[in-house]
Protein chains: 2
Amino acid sequence: MSKKATIYDIAKELKITAATVSRALNNNPKISEKTRDLVLATAEKLNYKQNRLAVALKSGKSNNVGVVVPFINKNFFASVIRGIEEELYPKGFHVIISQTHEENDREKKIIQNLINAQVDGILVSTSFTNENKNQLHQVLKKSSPFIFFDRVLHFDDISTVTIDDYQGGFDATEHLINQGCKRIAHFNVNQNIELYNNRFKGYKDALSKHGVAYNSDYVITLKSDMEAGKEAAEKLMNLPVPPDAIFSSTDNGLLGAVKYLQSIAVKIPEDFCVVGFSNEPFTQFLEPSISSVDQSPVEMGKMAAKVFLEQIESNQDVKIHKDVVLPAKLIIRKSSSKHK
Amino acid sequence: MSKKATIYDIAKELKITAATVSRALNNNPKISEKTRDLVLATAEKLNYKQNRLAVALKSGKSNNVGVVVPFINKNFFASVIRGIEEELYPKGFHVIISQTHEENDREKKIIQNLINAQVDGILVSTSFTNENKNQLHQVLKKSSPFIFFDRVLHFDDISTVTIDDYQGGFDATEHLINQGCKRIAHFNVNQNIELYNNRFKGYKDALSKHGVAYNSDYVITLKSDMEAGKEAAEKLMNLPVPPDAIFSSTDNGLLGAVKYLQSIAVKIPEDFCVVGFSNEPFTQFLEPSISSVDQSPVEMGKMAAKVFLEQIESNQDVKIHKDVVLPAKLIIRKSSSKHK
DNA sequence: TTGTAAGCGTTATCAC
DNA sequence: GTGATAACGCTTACAA
């Protein structure tokens with residue numbers, strides 16, 4: 001009772017061999033009904049539990065997958081992880097999570113650690129940018145299946161799962177134009193991160209499609225937090241010709257802007273429309289509620305998990321490379337509803 | 001290059017034995033400088049990575065800990081996990097997360113799975129209640145260190161980490177009384193869950209301390225969501241003598257109530273004060289911002305991790321049982337600030 | 001200081 | 001249908 005029971009304990013009890021016990025436990029067809037039942041009964045009696053570590057070592061499959069994100073307590077990442085876990089748990093996988101704190105050294109170390117732990121795959125939303133992506137690639141050579149989601153980098157042999165950031169940016173901007181906004185500003189985060197750049201491109205293309213002039217004074221690069229959003233909004237409103245709308249690549253930055261606009265009595269949406277990105281929970285509770293582009297994080301997690309599963313279920317030799325792009329859904333709320 | 005290198009590969013390369021390689025890699029003092037350097041160099045050259053699975057099997061320690069929560073994409077749980085991960089990662093532990101969906105069968109199965117995976121410990125915010133706690137205890141007998149946090153059950157041999165829910169309920173209620181509220185309602189969630197019951201007790205004791213009559217019409221048990229909160233508020237406001245404040249055990253329930261009150265033009269905080277619980281991110285962004293009791297989720301996670309570490313670092317024989325109670329911090333915002 | 005050999009708990013490949 | 005044995009990759013007495 002003190003030590004955990006092994007198949008040897010069962011074998012000894014029944015005066016048979018461990019191999020037979022193993023077969024019985026694994027529903028191997030080459031075994032008699034009688035011994036199977038006997039084994040199962042004794043296993044129960046001894047409170048036997050399979051040691052998955054031993055199985056893992058023997059088989060080379062740990063049934064663990066690593067998930068690497070900047071911080072897990074951000075709604076988006078937490079939701080992606082929820083999706084991953086829900087897809088993988090029924091297949092017998094456990095999800096190991098780690099946080100990079102957006103530090104590249106840490107991210108490399110974490111990935112190396114996961115590889116050492118023999119995880120069967122690694123899903124990452126990376127903090128690396130195109131400028132330093134090669135650093136990361138070193139760690140990845142010949143490792144277990146690797147998949148990027150959301151914040152991705154492109155390598156020939158690595159699949160990615162993203163949402164259509166370009167379309168999201170386009171739709172949001174076009175929607176603002178349709179509301180009659182003439183001078184639409186944009187909050188960007190980092191030019192070197194593909195996803196933000198795609199949103200930015202969508203913004204520019206929507207402007208150009210509708211013949212709205214692009215004004216670089218209206219594009220501000222800022223951190224994704226309230227304080228930065230306030231400052232950025234203040235700067236915009238002090239321009240000779242201030243904008244009449246903002247499409248922000250983040251909800252948090254936009255939140256600061258909204259608070260600032262309200263503080264100087266700018267009426268939203270009557271005088272000024274805004275659309276954010278991420279559909280953070282708070283956007284729907286604010287007054288006015290904030291339009292935002294939804295990223296379907298749970299679905300993204302599930303999709304990333306599915307791509308991983310496909311990869312390991314396929315023949316080893318066939319290298320599956322896949323870039324899945326999920327739709328971005330513009331959620332229109334009061335903050336950008338001038339009419340009606 | 002195709003297969004992963006093992007210590008045997010290094011040994012063969014250097015014409016020494018695997019044991020020596022192992023010693024060199026582990027900084028065993030009984031080894032010559034020369035061979036150590038040689039081993040390290042060849043390890044590097046062959047791109048050797050330690051197989052932690054093998055170490056785990058040998059040592060009986062997997063360096064994994066399981067964390068079990070209802071859903072990971074709730075801000076509270078995500079933040080607790082963040083704390084756990086940050087405390088444990090530097091010590092070489094990986095965090096495996098799983099979600100119970102608040103289903104008891106699933107929770108049992110998950111815990112059993114984690115035990116099979118030989119995790120070194122399990123940290124759980126349980127969905128079991130006192131009524132069915134024995135079901136769970138069966139699974140726990142003689143398993144690895146086990147720790148409850150937030151939603152806990154009490155067993156002689158299991159440590160717990162919670163916040164002072166009683167004090168939180170007390171402080172929130174007393175604060176409302178001090179604001180001049182005379183008829184304070186309460187939103188409860190489930191009588192059988194200790195933590196909600198403690199908040200409720202705090203509420204009652206604060207009333208009684210200040211000589212405010214307890215009125216059972218003002219206490220409503222409801223699910224923790226907006227819709228339920230709206231209905232509950234409507235019910236309250238239709239009483240012959242409606243309340244003039246609510247202390248809610250959840251922010252989400254309270255949110256619905258606030259929206260309802262605003263819809264019938266009740267002024268908060270002038271005519272009606274509210275205080276919630278959990279300090280969800282949205283509470284500070286609403287207009288008016290919502291007072292709430294903060295649960296320090298990240299600290300709770302760190303503390304749970306620390307209790308776990310203590311437990312495994314102590315001698316096996318000494319069973320440490322500890323019930324850590326962290327302070328609950330009332331955050332006062334506009335929703336309950338009548339004066340000034 | 002280094003080598004030998006056993007063992008962690010399984011499963012798979014042979015035999016019989 | 002069952003038993004013996006080797007192997008997964010590593011650590012650790014015990015010898016030398």
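Treat the numbers as computed from the prediction; the structure is a model and nothing was measured. (Residues numbered from 1 in each chain as written. Chains lettered and ligands numbered in written order. Predicted model: local features only at pLDDT ≥ 70, side-chain atom pairs only at ≥ 80, totals over all residues. Heavy atoms only, no water.)

*Asks:* For this particular structure, what's the right way to read the protein's contact with DNA strand C?
*Replies:* In the neighbourhood of DNA strand C, 25 residues make up the surrounding shell, with Ser22 and Tyr48 of chain A together with Thr20, Arg23 and Lys58 of chain B lying closest. Each atom of DNA strand C within 4 Å of the protein belongs either to a base or to sugar and phosphate, the latter forming 58%. Separating a phosphate oxygen of DNA strand C from a side-chain N or O atom of Ser22 of chain A is a distance of 2.5 Å. One of the side-chain N or O atoms of Thr20 of chain B is found 2.5 Å from a phosphate oxygen in DNA strand C. (Near = heavy atom within 4 Å. Polar contact = N/O pair within 3.5 Å; in protein donor to acceptor, adjacent residues only side chain to side chain.)

*Asks:* Would you take a moment to explain the protein's contact with DNA strand D for this structure?
*Replies:* Taken together, 25 residues surround DNA strand D, and among them Thr20 and Arg23 of chain A together with Ile7, Ser22 and Tyr48 of chain B come closest. Near-protein atoms of DNA strand D (within 4 Å) split between backbone and bases, with sugar and phosphate holding 61%. Thr35 of chain A places a side-chain nitrogen or oxygen 2.8 Å from a phosphate oxygen of DNA strand D. Within the side chain of Lys58 of chain B, one N or O atom sits 3.3 Å away from a base oxygen of DNA strand D. Secondary structure elements with two or more residues in the surface near DNA strand D: α2 (18–25) and α4 (52–59) of chain A together with α1 (7–14), α2 (18–25) and α4 (52–59) of chain B. (Helix = DSSP H or I, 4+ residues; strand = E, 2+ residues; numbered from the N terminus.)

*Asks:* Is there a simple way to explain the pairing of strand β3 (residues 121–124) of chain A in this structure?
*Replies:* On any regular strand, side chains alternate: one points to one face of the sheet, the next to the other face. All names here are of chain A. Alternating positions in β3 separate into two faces, Gly121 and Leu123 on one and Ile122 and Val124 on the other, with burial throughout. Pairing geometry for strand β1 (residues 64–69) and β3, over 4 bridges, is parallel. Bridge pairing in β3 places Val65 opposite Gly121. Strand direction decides the pairing type here: β3 and strand β4 (residues 146–149), joined by 3 bridges, are parallel. Residue Leu123 lies in a different strand from β4, and its bridge partner there is Ile147. (Buried < 20%, exposed > 50% of the residue type's maximum accessible area, 1.4 Å probe, protein only. Pairing = 2+ DSSP bridges.)

*Asks:* It is not clear to me how the side chain of Asp120 of chain B should be interpreted in this structure. Could you clarify?
*Replies:* Residue and element names in this part refer to chain B. Relative to the assigned elements, Asp120 resides in the loop between α6 (104–116) and β3 (121–124). Among the polar contacts listed, one links the side chain of Asp120 to the side chain of Lys61, at a separation of 3.2 Å. Beyond its immediate chain neighbours, meaning those up to four positions away, Asp120 contacts Gly60, Lys61, Ser62, Asn63, Asn64, Phe93, Ser144, Pro145, Phe308 and Ile312. (Contact = heavy atoms within 4.5 Å.)

*Asks:* Teacher, can you tell me more about the packing of aromatic side chains here?
*Replies:* To describe a pair of aromatic rings, one takes the distance between the centres and the angle between the planes. Per the stated rule, a full pass over the model turns up 19 aromatic pairs over all chains. On the numbers, 5.3 Å between centres and 75 degrees between planes, the contact of Phe146 of chain A with Phe148 of chain A is edge-to-face. The burial state of Phe146 of chain A is the same as that of Phe148 of chain A; both residues are buried. Members of the aromatic cluster, connected to one another through ring pairs, are Phe146, Phe148 and Phe155 of chain A. The ring of Phe155 of chain B carries Lys133 of chain B above its face, with NZ or CZ at 4.6 Å from the centroid. Over the ring of Phe277 of chain B we find Arg199 of chain B; its NZ or CZ atom is 3.6 Å from the centre of that ring. (Phe/Tyr/Trp six-rings, centres within 6.5 Å; stacked < 30°, edge-to-face > 60°. Lys NZ or Arg CZ within 6 Å of the ring centre and 35° of its normal.)

*Asks:* Just to check I follow, could you spell out the interface of chain A and chain B for this structure?
*Replies:* Residue-level contacts link 48 residues of chain A with 48 residues of chain B. Across the chain A/chain B interface, buried area totals approximately 4,600 Å², and carbon plus sulfur atoms make up 60% of it. Of all residues in chain A, Leu53, Tyr89 and Phe285 of chain A bury the most surface against chain B, accounting for 15% of the area lost on that side. Linking chain A to chain B there are 0 salt bridges. There are 20 residue pairs in polar contact (both at pLDDT 80 or more) connecting chain A and chain B. (Buried area = accessible area lost by both parts, 1.4 Å probe. Salt bridge = Lys/Arg side-chain N within 4 Å of Asp/Glu carboxyl O.)

*Asks:* Please clarify how the pairing of strand β5 (residues 159–163) of chain B should be interpreted in this entry.
*Replies:* Residues and elements named next belong to chain B. Within β5, 5 of the 5 residues are buried, which leaves it mostly tucked inside the rest of the structure. Covered by surrounding structure in β5 are Ser159, Val161 and Ile163 together with Thr160 and Thr162, the residues of both alternating faces. Where strand β4 (residues 146–149) and β5 come together, 3 bridges link them in parallel fashion. Bridge pairing links Phe148 to Thr160 in β5. The pairing of β5 with strand β11 (residues 323–326) spans 4 bridges and is classified as parallel. Bridging from a neighbouring strand, Thr162 pairs with Val325 of β11.

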